[in-house]
Amino acid sequence: SQYSAVDTNPLSVYIMQPIWNKIIKIVPLWIAPNLLTFSGFLMILVNYFLISFYDWDYTASGTSPGRVPTWVWLFSAFTTFCAYALDSIDGKHARRTQSSTPLGELFDHGLDSWATSIFVLSFFSVCSRDNGKTGVSIYTMYIYLSIVLFNFMCSHWEKYNTGVLFLPWGYDISQVVLIAAYLLTGALGVEVWQKPCLFGYYITDVLVILLIGFSLFLSFPQTLYNIHRAYLKKTLKNDSLYEGLLPLVSPLLLFILLTVWVVLSPGNILAKQPRLFLWMVGVAFSNVICKMIICQMSSTQPELFHWFLFPLALVVYTAISGLLGWTEELVLAVFTALVTAAHVHYGVCVGKQLSEHLNIYIFSLKKRVQE
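Residues numbered from 1 in each chain as written. Predicted model: local features only at pLDDT ≥ 70, side-chain atom pairs only at ≥ 80, totals over all residues. Heavy atoms only, no water.

### Section: empty space enclosed by the protein
Turning to step 1, where the next piece is worked out: Under the defined criterion, the tally for this structure stands at 3 cavities of 30 Å³ or more.
Turning to step 2, where the next piece is worked out: Looking at the lining of the largest cavity, the elements with two or more residues in it are α9 (241-264) and α11 (274-298).
Turning to step 3, where the next piece is worked out: Per-element accounting of the lining of the largest cavity gives the leading share, 4 residues, to α9.
Turning to step 4, where the next piece is worked out: Across the lining of the largest cavity, the residue classes break down as 8 nonpolar, 2 polar and 2 charged.
Turning to step 5, where the next piece is worked out: Within this model, the second largest cavity holds a volume of roughly 60 Å³.
Turning to step 6, where the next piece is worked out: In terms of lining residues, the second largest cavity is bounded by Phe123, Phe124, Cys127, Val136, Met141, Tyr144, Thr204, Leu207 and Val208.
Turning to step 7, where the next piece is worked out: Listed by contribution, the elements that provide at least two residues to the lining of the second largest cavity are α5 (102-127), α6 (138-162) and α8 (203-232).
Turning to step 8, where the next piece is worked out: Each residue belonging to the lining of the second largest cavity can be placed in one class, and the counts come to 8 nonpolar, 1 polar and no charged. (1 Å grid on protein atoms, 1.4 Å probe; cavity = no way out; pocket = protein on both sides within 12 Å on 5 of 7 lines; lining within 4 Å. Points joined across faces, edges and corners; volume = space filled by probe spheres on them. Helix = DSSP H or I, 4+ residues; strand = E, 2+ residues; numbered from the N terminus. Nonpolar A, V, L, I, M, F, W, Y, C, P; charged D, E, K, R; others polar.)

### Remarks on unusual backbone geometry
Turning to step 1, where the next piece is worked out: The backbone of Tyr58 sits at a positive phi, close to 60°, despite the residue not being glycine.
Turning to step 2, where the next piece is worked out: Of note in the backbone geometry, Lys234 takes a positive phi value of approximately 60° without being a glycine.
Turning to step 3, where the next piece is worked out: Residue position: Lys234 is located in the loop between α8 and α9.

### With respect to the packing of α5 against α11
Turning to step 1, where the next piece is worked out: Running from N to C, α5 and α11 cross one another at 160°; their axes reach a closest spacing of 10 Å. It follows that α5 is roughly antiparallel to α11 by the angle criterion. Classified by chirality, the crossing of α11 by α5 is right-handed.
Turning to step 2, where the next piece is worked out: Each residue belonging to the contact of α5 with α11 can be placed in one class, and the counts come to 15 nonpolar, 8 polar and 2 charged. (Axes fitted to C-alpha atoms, helices over the stretch in contact; angles between N-to-C directions. Parallel < 35°, antiparallel > 145°, perpendicular 65-115°, else oblique. Left-handed = near helix turned anticlockwise from the far one by under 90°.)

### Focus: the side chain of Asp172
Turning to step 1, where the next piece is worked out: Considering the arrangement of structural elements, one finds Asp172 in helix α7 (residues 169-188).
Turning to step 2, where the next piece is worked out: For the buried Asp172, which has no salt bridge, the nearest side chain bearing the opposite charge is Lys92, at an N-O separation of 10 Å.
Turning to step 3, where the next piece is worked out: Those residues in contact with Asp172, other than ones at most four positions away along the chain, are Asp7, Asn9, Leu11, Ser12, Met16 and Tyr84. (Buried < 20%, exposed > 50% of the residue type's maximum accessible area, 1.4 Å probe, protein only. Lys, Arg positive; Asp, Glu negative; His and termini not counted. Salt bridge = Lys/Arg side-chain N within 4 Å of Asp/Glu carboxyl O. Contact = heavy atoms within 4.5 Å.)

### Observations concerning a nonpolar patch on the surface
Turning to step 1, where the next piece is worked out: Judged by side-chain polarity, Val13, Tyr14, Ile15, Ile19 and Phe81 come together as a nonpolar surface patch covering roughly 470 Å² of accessible area.
Turning to step 2, where the next piece is worked out: The leading source of residues in the nonpolar patch is helix α1 (residues 10-23), at 4 residues.
Turning to step 3, where the next piece is worked out: Tracing the chain through its elements places Phe81 in helix α4 (residues 70-96). (Patch = residues over 30% accessible without salt bridge, like charges linked within 9 Å, V, L, I, M, F, W, Y side chains within 5 Å. Areas by Shrake-Rupley, 256 points an atom, 1.4 Å probe, with all protein chains shown as cover.)

### Overview of the state of the cysteines
The bond known as a disulfide is covalent and runs between the sulfur atoms of two cysteines.
Turning to step 1, where the next piece is worked out: In total, this model carries 0 disulfides according to the counting rule given.
Turning to step 2, where the next piece is worked out: Cys349 forms no disulfide, and the closest cysteine sulfur to it belongs to Cys290, at a distance of 13 Å. (Disulfide = S-S within 2.5 Å.)

These results come straight from atomic positions and should not be treated as a statement about function.
Shown next as structure tokens:
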């Protein structure tokens, strides 16, 4: 299917696109677009692990504000900008080297589905978790992450139904806000987030309120409107309501299972291991969305239940029934490692299959020799 995306965000159209059009000119023509996509993703990962090293439990900014060195925040701003730039020019570069492929589209959106959660998890280190005086509660973090992922899912669910990806306005805005937040933290220190600004609200509260407002009152209604418009124009990809709603079943069940674990965990797992738990949420979600993206690209029907749901249900059941006891954290760690390994394995396999099927290399513009 021919890739089509629509971007109507003024920030993107009038400010960012002209910048990307300048940057693209310095990219050598022999570089494969997927290499740009992957480099951006690696930068996000490196940055995430660097912040995790200094702030494993999300308390550094609140209890000991100097624990994360200033250069880390500036490095975060730099890597976030680079990843944002690379993610914005990979498609342009593919078109200018005439190497646009379904593999490139899947690679781009698949990595985006994972990067989305990593951006959010890195940002949480700026505001720190609630210590009674300042910070954000870990439950707010969980809800915040879920909303961002819900937004991401909506735009791809919309594409599954309409065939067109309407790029959410929130994307460019969130990237610019992230970069600005890191620069501000680097320049003024994390204390800047710990002073009330508006009517006794903290900046972090304002950001959470803005995010929820954006999602529920802008993105989601827009998604429903676009699907409704396609329905009126008779351009919907799916005939029945069942088929149209099918891709939402697994992500919603995933969210329900995870929330049950968070709320009913005897050992309060989210408070004990916020970083592990939220990472696992992001990876599991990314895998479910990748399946949706592949179904949308290949015009196939997704299965009702994603296989992740079965081991997850088992883990959640044993955890909340108290069977795991003190091993709950250990089981979470093992489960997180397995989910991550399975996701990476899945990505590598799909990439290999597609590169063989389309007769191209993933990271090189050379053509494969026909055997």
